[in-house]
Amino acid sequence: MKLSRFFEVEKHHSTVKREILAGVTSFFTIAYIIIVNPLILADAGMPYYGVLLATILTSVAGCFFMGFYANAPIILTPGMGVNAFFTYTIIQGMGLSWREALAAVILSGILFLIIASTKLKDVLSESIPASLKHSITVGIGLFLAFIGLQKGGIIEASTTTFVKLGHLSHPTTLLTIIGLIITLFLFSRNIKGSFLIGIAVTCLISYVTGWAHAAEDSHTKLELAPFMQLFFGADFKGMWSLPFWIATFSLTMIVTFENMGLLHGLLPDQKKFPKAFQANAVTSLISGVFGTSPTISTVESAAGISEGGRTGLTSVVTGILFLASIAVTPFLSLIPDGAIAPVLIIIGGLMVQNIQQIPLSDFTEGFPAFLIIALIPLTYSIVDGLAFGFIAYPILKLAVGQQKQIPAPMYIIALLFLINFVFHSFI
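Not measured: the values here are computed from a predicted model.

**Q** Let's hear about the overall build of the protein: which residues, and what values?
**A** In terms of regular secondary structure, the protein is built from 19 helices and four strands. Taken against the 2.2 N^0.38 rule, which gives 22 Å for 427 residues, the C-alpha radius of gyration of the protein at 21 Å falls within 12% of a compact globule. Considered along the principal axes of its C-alpha atoms, the protein spans approximately 60 × 55 × 55 Å. Here the protein, with 427 residues, has 56% of them falling under the buried criterion. Taking the contacts inside the protein whose residues are at least 6 apart along the sequence as the reference set, 79% of them involve residues at least 24 apart. Accessible surface computed for the protein: about 17,600 Å², of which carbon and sulfur atoms make up 68%.

Here is the structure:
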């Protein structure tokens, strides 16, 4: 089959059926972004329906570029976290208009592309110690599990302890627990498509029991006119101001190091890192042109990878489903959180197994790794978790006289993260 040869499916010890199943699983795990991203960017004064279409089209472009160019099973969509930074920090906090913020996204995308297309990407990637690379995987796993537990209502916010056990009698929580039991049973027995089957069965249970609830603010109307306000809607007039460059620097740091960390944590074949990193950069730039916050390699890519996705066919299938979602957007808001949460929790548990690769007996290696593992979920930010670990690593090595073990670029990376923290302390 031509499809199989193009994506070298057999070479990756996979099958076309498995790749398609992985792509479908990835889509249903990340489909919520179509509804949630516009809700967040609407707080910046951007037209909701326009952002809805921009989110879909950007995701299609990202998945296709990742699939056809990098042949990697990584899903690219506007990132959670960076979209909140775009709205609540850059626009509401720093005072940039949304058009100026889109200009900062485009410029940061260009800077990211320069890094990804030169030896800088190799220098940065090779300078990250193995212990920190493994800790990124573990931290992302905990983050994914934390998101799943939160979505499923098993944990909830607390005014006294920040987080506490949720109400186990709540329909969403009950649905999550039932879905978790079903999906664990399927997965532990190595049943193909266990995650997708788990989502489908849990959705069915939610409707049979009446526990299904559509999103509280379910916008589903698609119109072209609002999107045209965003398309090439960036305004570079503000680029002579300091806030604009602080925003651009911060966005560049986020998209560069968050994507680098995610790719190190998720890619089944690290030889694909250079092209996958470049695909990230190109799509990040495109997101500013289309009118949305930057794209990120999503942690939900792990769902498709766990289902056996190993090639770009997984990403292309997800991209096709994003394109098809234009016609079925109203139905996506009907997928209950309780159906998605079990998949995220299980994948998180699988990724945490990498902690065995970290030399925890060496405090100078183990403690920076611990900071990354703990702070990625606790700060709800991958890039902030990386920052603490990357800053602590050279400090500890210098403290015990092991400066020869510090790759020279690590000093620069740590300094950049420190500068970024200083910038944010004045915003």
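Still to come is the rest of the account.
**Q** Tell me about the pattern of salt bridges, residues and numbers included.
**A** Side-chain pairing between opposite charges can occur once the charged atoms of the two side chains come close. Counting across every chain of the model gives five salt bridges. One salt bridge in this structure joins glutamate 8 and lysine 11, with 4.0 Å as the shortest N-O distance. Of the residues examined, lysine 11 reaches a relative accessible area of 60% and is grouped as exposed. As a salt-bridge pair, aspartate 337 and lysine 151 come within 3.7 Å of each other at their nearest N and O atoms. Of this pair, aspartate 337 sits in helix H16 (residues 337–351) while lysine 151 is found in helix H8 (residues 130–151), placing the two residues 186 residues apart along the sequence.

**Q** Describe helix H3 (residues 33–42), and please don't skip the residues or the numbers.
**A** Here H3 lies mainly inside the structure; seven of its ten residues are buried. Along H3, the positions that sit buried rather than exposed are Ile33, Ile34, Ile35, Asn37, Pro38, Ile40 and Leu41.

**Q** So what's going on with the side chain of serine 194? Residues and values would help.
**A** Note on placement: serine 194 falls in helix H10 (residues 194–209). By relative accessible area, serine 194 is classed as buried at 2%. Setting aside anything within four residues of it in sequence, one finds serine 194 in contact with Thr183, Leu186, Phe187 and Glu307.

**Q** Run through a nonpolar patch on the surface, naming residues and quoting values.
**A** A cluster of nonpolar side chains, Leu165, Leu168, Ile177 and Ile181, forms an exposed patch at the surface whose accessible area comes to about 370 Å². Mapping leucine 168 onto the fold places it in the loop between strand S3 (162–165) and helix H9 (171–188).

**Q** Account for the environment of leucine 242, naming residues and giving values.
**A** Of note, leucine 242 is situated in helix H12 (residues 242–266). Sequence-wise, leucine 242 and methionine 94 are 148 residues apart; in three dimensions their C-alpha atoms are separated by 9.9 Å.

**Q** Explain the pairing of strand S2 (residues 155–158) to me, using residue names and the numbers behind them.
**A** Note: S2 against S3, four bridges, orientation antiparallel. Bridge pairing in S3 places serine 158 opposite phenylalanine 162. Between S2 and S3, which follow one another and run antiparallel, lie three residues.

**Q** Tell me about the environment of serine 158, residues and numbers included.
**A** Inspection of the secondary structure puts serine 158 in strand S2. Contact partners of serine 158, with chain neighbours within four places excluded, come to Val163 and Lys164. Of the polar contacts made by the side chain of serine 158, one reaches the backbone nitrogen of threonine 161; its length is 3.1 Å.

**Q** Which residues make up the environment of isoleucine 91, and what values go with them?
**A** With respect to the helices and strands, isoleucine 91 occurs in helix H5 (residues 82–91). A relative accessible area of 11% places isoleucine 91 in the buried class. Isoleucine 91 sits 49 residues away from alanine 42 along the chain, and the two C-alpha atoms are 11 Å apart. Apart from the residues within four sequence positions on either side, isoleucine 91 is in contact with Ala44, Phe86, Leu96, Ser97, Trp98 and Ala101.

What counts, and at which threshold
- All residue numbers refer to position in the chain's written sequence, counted from 1.
- The model is predicted, so local features are restricted to residues of pLDDT at least 70 and side-chain atom pairs to those at 80 or more, both for listing and for counting; the totals for chains, interfaces and linings are taken over all residues.
- Computation of side-chain values: all heavy atoms of the structure, hydrogens and water removed.
- Numbered from the N terminus, helices here are DSSP runs of H or I no shorter than four residues, and strands are runs of E no shorter than two.
- The quantity called the radius of gyration is restricted to C-alpha atoms. Its globule counterpart is 2.2 Å times the number of residues to the power 0.38.
- Remark: exposure states derive from per-residue accessible area (1.4 Å probe, protein chains only) relative to the maximum for the residue type, with buried under 20%, exposed over 50%, and partly exposed in between.
- In what follows, a contact means two residues having at least one pair of non-hydrogen atoms within 4.5 Å.
- For every accessible area listed, the method is Shrake-Rupley and the probe measures 1.4 Å; residues are considered covered only by the protein chains on display.
- Salt bridge criterion: a side-chain nitrogen from Lys or Arg within 4 Å of a carboxyl oxygen from Asp or Glu.
- Distance thresholds for patches are 9 Å for like charges and 5 Å for nonpolar side chains (Val, Leu, Ile, Met, Phe, Trp, Tyr), applied to residues having over 30% relative accessible area and no salt bridge.
- Here a strand pair is declared whenever DSSP counts at least two bridges between the two strands.
- Polar contact is the term for a pair of N or O atoms within 3.5 Å; when the atoms are in protein, one must be able to donate a hydrogen and the other to accept it, and sequence-neighboring residues count only if both atoms are side-chain atoms.

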